[in-house]
Amino acid sequence: GILLLARRSASGYGQESPKHGAQDASMVLHRQSLPTTRVPLLFALSMARPAVRRQRLVSAAMAAPAREGYASPFLSGKGNDDFVVRNDRNDVRVLQCPTPPVLRQGIAETAGLPHICVAGESNAGKSSLINHLLKKKLAKASSVAGKTRSVDLMLVNERLVLADLPGLPSRDHQVERLWRSTWEPLVASYVRQCEPLRAMLYAHDIRWKVTPLVRSFLQDVQASGLPVVLVLTKDDRIADEADDRPSEARRRLKLTQAVRRSLDFRGLHFHYSTESSLPSSRRGRRQLLSLIEDLIGEPGGREECRRLLEARAAKKQGRAEQD
């Protein structure tokens, strides 16, 4: 036999042919039993691969828009559980969307569910935040930048889509080229095209200064009409660096004001720690999940969610001024 060289199809939606199996290389070698007559290479490259039927990412019932008069379980509270995200036994399926065609397919097939996305710099605690919220190790938490290389749509209990976005380049400029060329356009497409997307949770290490890239990214997101909730992660590290409770509180306030001022952010923020043994960590998880419930329970879209968040931020600011 001879070896024929065949290119992977550019329109395969990220799926490999069942005949050949998944492979990492962009070129695949096929061994075929043919006579010893040589086939020109250009002819081999032009040979069409067998058509592969694209499978649906989710069931048709889940992808279908809500029917008129239909009471969605996350709106009516009449589902199998009172909460969209439970304390345990969360049923989560992950749809990895590394390319625009696959992302469009994922958005189309989850259009009947509300979306909340999570963004942040690499190593800022974005993946740990998702894992802590869902009580599952799903997002790829690592000290190595660029572990999340696609828009990962997480179908939570068939009632919510939590989208894990690729991380922004860290301050040591790792994966900056990949971000500019591939991930940033993919994130922008998701924010622009996903109509069920209600809000973005942006994870920022409370100890870090805001970079120009982060400032520009959040300005673009908010200019698109998507409301942003600032989640200040690794809050427990402040206690480790403080001598006593008063100095801890002063440092937390100083760092929070610095981040908000640098971002020119007037919205709602949360302090968050994934150290579950701390009461503040458990309280932060309850508060953030409660906010997600309220956001996806809004009958309208992004504009209604923006008004809700503005009202919450004003109320929180009023309490802070009274204190």
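Before reading on, note that the structure itself is shown above.
Everything numeric in this text was worked out from a predicted model, so none of it was measured.

Quick word on the packing of helix H4 (residues 100-109) against helix H6 (residues 176-193)
So, step 1. Two elements in contact, H4 and H6, have axes separated by 11 Å at closest approach and are oriented at 25 degrees. The angle between H4 and H6 places the two elements in the roughly parallel class. H6 is crossed by H4, and the crossing has right-handed handedness. Taking contact as the criterion, the partners of Pro100, Leu103, Arg104 and Ile107 in H4 are, on H6, Leu186, Ser189, Tyr190 and Gln193.
So, step 2. Its residues placed into classes, the contact of H4 with H6 shows five nonpolar, two polar and one charged.

Examining unusual backbone geometry
So, step 1. Notably, Arg89 is not glycine yet its phi reads approximately 55 degrees, a positive angle.
So, step 2. As for its position among the elements, Arg89 is in the loop between helix H3 (73-76) and strand S3 (92-97).
So, step 3. The phi dihedral of Glu158 is positive, around 55 degrees, even though this residue is not glycine.
So, step 4. For Glu158, the position within the fold is in the loop between strand S5 (151-156) and strand S6 (160-164).

Some thoughts on the packing of aromatic side chains
So, step 1. Taken as a whole and judged by the stated rule, the model has two aromatic pairs.
So, step 2. A ring pair is formed by Trp179 and Phe217, whose centres lie 5.8 Å apart and whose planes are at 70 degrees; its orientation type is edge-to-face. Here Phe217 lies in helix H7 (residues 212-223) and Trp179 lies in helix H6, a separation of 38 residues in the sequence.
So, step 3. Overall, Phe217 belongs to the buried group, its relative accessible area being 9%.
So, step 4. Measuring from ring centre to ring centre gives 6.3 Å for Tyr202 and Phe217, while their planes differ by 45 degrees; the resulting arrangement is tilted. Pair noted here: Tyr202 is in strand S7 (residues 197-205) and Phe217 is in helix H7, with a separation of 15 residues, a long-range link.
So, step 5. Members of the aromatic cluster, joined through ring pairs, are Trp179, Tyr202 and Phe217.
So, step 6. If you follow Lys316 out to its NZ or CZ, it ends over the ring of Phe270, 5.4 Å from the centre.

A short note on the pattern of salt bridges
So, step 1. Scanning all chains against the criterion turns up 13 salt bridges.
So, step 2. As a salt-bridge pair, Lys126 and Asp164 come within 2.6 Å of each other at their nearest N and O atoms. Of this pair, Lys126 sits in helix H5 (residues 126-134) while Asp164 sits in strand S6, placing them 38 residues apart in sequence.
So, step 3. Notably, a salt bridge pairs Arg306 with Glu303, separated by 2.1 Å at the nearest N-O pair. Separated by three residues within a single helix, Arg306 and Glu303 lie in helix H11 (residues 302-322), roughly one turn from each other.
So, step 4. The class of Arg306 is partly exposed, set by a relative accessible area of 30%.

Considering a positive patch on the surface
So, step 1. On the surface, a cluster of positive charge is made up of Lys135, Arg282, Arg283 and Arg286.
So, step 2. With respect to the helices and strands, Arg286 occurs in helix H10 (residues 279-297).

A look at H10
Every α-helix carries 3.6 residues per turn, so stepping three or four residues along brings you back to the same face.
So, step 1. Taking 1.5 Å per residue as the helical rise, H10 with its 19 residues ought to reach 27 Å, and the 27 Å between its terminal C-alpha atoms agrees with that figure.
So, step 2. Those residues of H10 that sit buried are Ser281, Gly284, Arg285, Leu288, Leu289, Leu291, Ile292, Leu295 and Ile296. Down the axis of H10, the buried side of the element spans an arc of 155 degrees, and every buried residue falls inside it. Those residues of H10 that are exposed and aimed more than 90 degrees away from the buried face are Pro279 and Arg286.

Rules and cut-offs
Position numbers for residues start from 1 in each chain and track the written sequence from start to end. Totals for whole chains, interfaces and linings use every residue, but because this is a predicted model, local features are given only for residues with pLDDT of at least 70 and side-chain atom pairs only at 80 or more, for both listing and counting. In computing side-chain values, all of the structure's heavy atoms are included and hydrogens and water are not. Every angle, taken between N-to-C directions, lies between 0 and 180 degrees, and every axis is a line fitted to C-alpha atoms, over only the stretch in contact when it is a helix. Put simply, DSSP H or I for four residues or longer makes a helix, DSSP E for two residues or longer makes a strand, and each gets a number counted from the N terminus. Between 65 and 115 degrees an angle is taken as roughly perpendicular, under 35 as roughly parallel, over 145 as roughly antiparallel, and anywhere else as oblique. By the definition used in this description, the sense in which the near helix is turned from the far one sets the handedness, with an anticlockwise turn below a right angle giving left-handed and a clockwise turn giving right-handed. In what follows, a contact means two residues having at least one pair of non-hydrogen atoms within 4.5 Å. Only Asp, Glu, Lys and Arg are considered charged in this grouping, and only Ala, Val, Leu, Ile, Met, Phe, Trp, Tyr, Cys and Pro are considered nonpolar; every other residue, Gly among them, is considered polar. Ring pairs shown here join Phe, Tyr and Trp side chains whose ring centres sit within 6.5 Å, with only the six-membered ring taken for Trp; geometry is labelled stacked below 30 degrees between planes, edge-to-face above 60, and tilted in between. Residue exposure (1.4 Å probe, protein chains only): buried if accessible area is under 20% of the type maximum, exposed if over 50%, otherwise partly exposed. The criterion for a charge sitting over a ring is simple: Lys NZ or Arg CZ within 6 Å of the ring centre, and within 35 degrees of the ring normal. A side-chain nitrogen of Lys or Arg and a carboxyl oxygen of Asp or Glu constitute a salt bridge if their distance falls within 4 Å. Two joining distances apply to patches: 9 Å for like charges and 5 Å for nonpolar side chains (Val, Leu, Ile, Met, Phe, Trp, Tyr), and every residue must have over 30% relative accessible area and no salt bridge. Reported accessibility uses the Shrake-Rupley method at a 1.4 Å probe radius. Residues are deemed covered only where the shown protein chains occlude them. His is not counted, nor are the chain ends, whereas Lys and Arg count as positive and Asp and Glu as negative. We put the charge of a Lys on NZ, of an Arg on CZ, of an Asp on CG and of a Glu on CD. One fewer than the residue count of a helix, multiplied by 1.5 Å, yields its expected span. In this description, one arc is meant: the one made by directions from the helix axis to the C-beta atoms.

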